[in-house]
Amino acid sequence: DLRMSRGLGDVYKRQFLRYAAIIVIAMGIGVGMNQWISNRLYAGDMEYNEIVVEKGGRANTLLLSDGSKIILNASTRFKYPTSFNGDERVVHLEGEAYFEVKHDPARPFIVQVRDVETRVLGTAFNVSAYENEESVYTTLLTGKVQVSLMDQKSDIPSMILKPGMQSCWKSGTGEFSVRKVDTKNVVAWRYGEFVFDEDDIEVVTRMLSRWYEVRFV
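Thresholds applied
Residues numbered from 1 in each chain as written. Predicted model: local features only at pLDDT ≥ 70, side-chain atom pairs only at ≥ 80, totals over all residues. Heavy atoms only, no water. Core = buried A, V, L, I, M, F, W, Y, C linked by side-chain atoms within 4.5 Å. Buried < 20%, exposed > 50% of the residue type's maximum accessible area, 1.4 Å probe, protein only. Contact = heavy atoms within 4.5 Å. Helix = DSSP H or I, 4+ residues; strand = E, 2+ residues; numbered from the N terminus. Polar contact = N/O pair within 3.5 Å; in protein donor to acceptor, adjacent residues only side chain to side chain. Expected span 1.5 Å × (residues − 1). Phe/Tyr/Trp six-rings, centres within 6.5 Å; stacked < 30°, edge-to-face > 60°. pLDDT = per-residue confidence, 0-100.

A look at the nonpolar core
It is characteristic of soluble globular proteins that their nonpolar side chains tend to be buried jointly.
Okay, so step 1: Residues Leu 64, Ile 70, Phe 78, Val 91, Phe 99, Phe 109 and Phe 125 are the most contacted members of the largest nonpolar core, which totals 31 residues.
Okay, so step 2: Excluding residues within four positions of it along the chain, Leu 64 makes contact with Ile 70, Phe 78, Tyr 80, Phe 84, Val 91 and Phe 109.

Looking at the environment of Glu 94
Okay, so step 1: When you line up the elements, Glu 94 lands in strand β7 (residues 89-100).
Okay, so step 2: On the accessibility criterion, Glu 94 (34% relative accessible area) is partly exposed.
Okay, so step 3: It is 9.4 Å that separates the C-alpha atoms of Glu 94 and Val 127, two residues lying 33 residues apart in sequence.
Okay, so step 4: Beyond its immediate sequence surroundings of up to four residues, Glu 94 is in contact with Ser 75, Thr 76, Arg 77, Ala 129 and Glu 131.

Here's the deal with unusual backbone geometry
Okay, so step 1: Unlike most non-glycine residues, Ser 75 shows phi in positive territory, near 55 degrees.
Okay, so step 2: In the Ramachandran plot, Arg 114 falls in the positive-phi region, its phi being about 50 degrees despite a non-glycine side chain.
Okay, so step 3: Here Arg 114 is to be found in the loop between β8 (109-113) and β9 (116-120).

Some thoughts on the environment of Val 214
Okay, so step 1: Along the polypeptide, Val 214 turns up in the segment after α2 (201-212).
Okay, so step 2: Residue Val 214 is classed as partly exposed on the basis of its relative accessible area, which comes to 30%.
Okay, so step 3: Note: C-alpha distance between Val 214 and Lys 55 (159 residues apart in sequence) is 9.2 Å.
Okay, so step 4: In contact with Val 214, not counting residues within four places along its chain, are Leu 208 and Ser 209.

Focus on the side chain of Thr 76
Okay, so step 1: Among the structural elements, Thr 76 can be located in strand β6 (residues 76-81).
Okay, so step 2: Of note is the side chain of Thr 76, whose polar atom sits 3.0 Å from the backbone oxygen of Asn 73.
Okay, so step 3: Within the local environment of Thr 76, its side chain forms a polar contact with the backbone nitrogen of Glu 96, the two atoms lying 3.0 Å apart.

Looking at α2
Okay, so step 1: End to end, α2 covers 16 Å across twelve residues, agreeing with the expected 16 Å (1.5 Å per residue, within 8%).
Okay, so step 2: Buried within α2 are the following residues: Val 204, Thr 205, Met 207, Leu 208, Ser 209, Arg 210, Trp 211 and Tyr 212.
Okay, so step 3: Regarding α2, its N-cap is Asp 200, as a side-chain oxygen of that residue lies 2.8 Å from the backbone nitrogen of Glu 202 further along.
Okay, so step 4: Residue Glu 213 follows α2 closely and has a positive phi angle near 55 degrees.

Observations regarding the packing of aromatic side chains
Okay, so step 1: Applying the stated criterion across every chain, the model contains six aromatic pairs.
Okay, so step 2: Summarising the aromatic geometry, the rings of Phe 99 and Phe 109 are spaced 6.0 Å apart at their centres and angled 65 degrees between planes, so their arrangement reads as edge-to-face. Here Phe 109 lies in strand β8 and Phe 99 lies in strand β7, a separation of ten residues in the sequence.
Okay, so step 3: Here Phe 99 falls in the buried class, since its relative accessible area comes to 0%.

Notes on the confidence of the model for the protein
Okay, so step 1: Across the protein, the average pLDDT comes to 80, with 79% of residues at 70 or higher.
Okay, so step 2: Put simply, strand β1 (residues 22-26) is where the protein has its lowest mean pLDDT, 36, and strand β5 (residues 69-72) is where it has its highest, 97.
Okay, so step 3: A low-confidence stretch, residues 1-34 stays under pLDDT 50, and its non-local contacts, those more than four residues away or across chains, total 78 contacts.

Digging into the environment of Glu 96
Okay, so step 1: Position of Glu 96 relative to the elements: it lies in strand β7.
Okay, so step 2: For Glu 96, a relative accessible area of 7% puts it in the buried group.
Okay, so step 3: C-alpha of Glu 96 to C-alpha of Tyr 137: the two residues are 41 residues apart in sequence and 9.2 Å apart in space.
Okay, so step 4: Among all residues touching Glu 96, those that are not within four sequence positions of it are Ile 71, Leu 72, Asn 73, Thr 76, Asn 126, Val 127, Ser 128, Tyr 130, Val 186 and Trp 189.
Okay, so step 5: Looking at Glu 96, its side chain comes within polar contact range of the side chain of Asn 73, at 2.9 Å.
Okay, so step 6: Among the polar contacts listed, one links the side chain of Glu 96 to the side chain of Asn 126, at a separation of 2.9 Å.

Structural data, given as structure tokens:
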């Protein structure tokens, strides 16, 4: 049995099993508990904001200049222009975020993470791309997105996701796949919950470490 304190809620399922367990951890997302840093960056003529949500922080909601809403998970770095002036809306992510993109057919919204690029016009989706995880996941809730590798020399074709689908790119093997998932479980972290279903115990402990700022040995 496992119970976590620090006012973080109850652990409803208390067994970590490699292939069978579903673990739900409910946490209160309280005002004043957020731990994040805002930086102003410059690259040529472009001016950027960079938001860093530290380990042990809580979900942070951000409204971009085009009206798109972004929710950042713990241990996440997000860089975006202070204003979208060109014909594309390009942002950069390291970690995990949920996106509700403002519809604008003339200016596609592009999320760049490591070697993967997700291009949308207006939709809701989740991207998970932590540096200490092997895989980059893009999960579509509504609308349509195109997911592709940023390497122009790659012969791996891009993927068009439909709602309820999740793409997975594994950096170690170069495998690029797609599968159907329960999107409610994928974005449960927005409401202070985690659902683990057939996840490796090491993946589970790394995720808990990011939220609770604890070390598992």
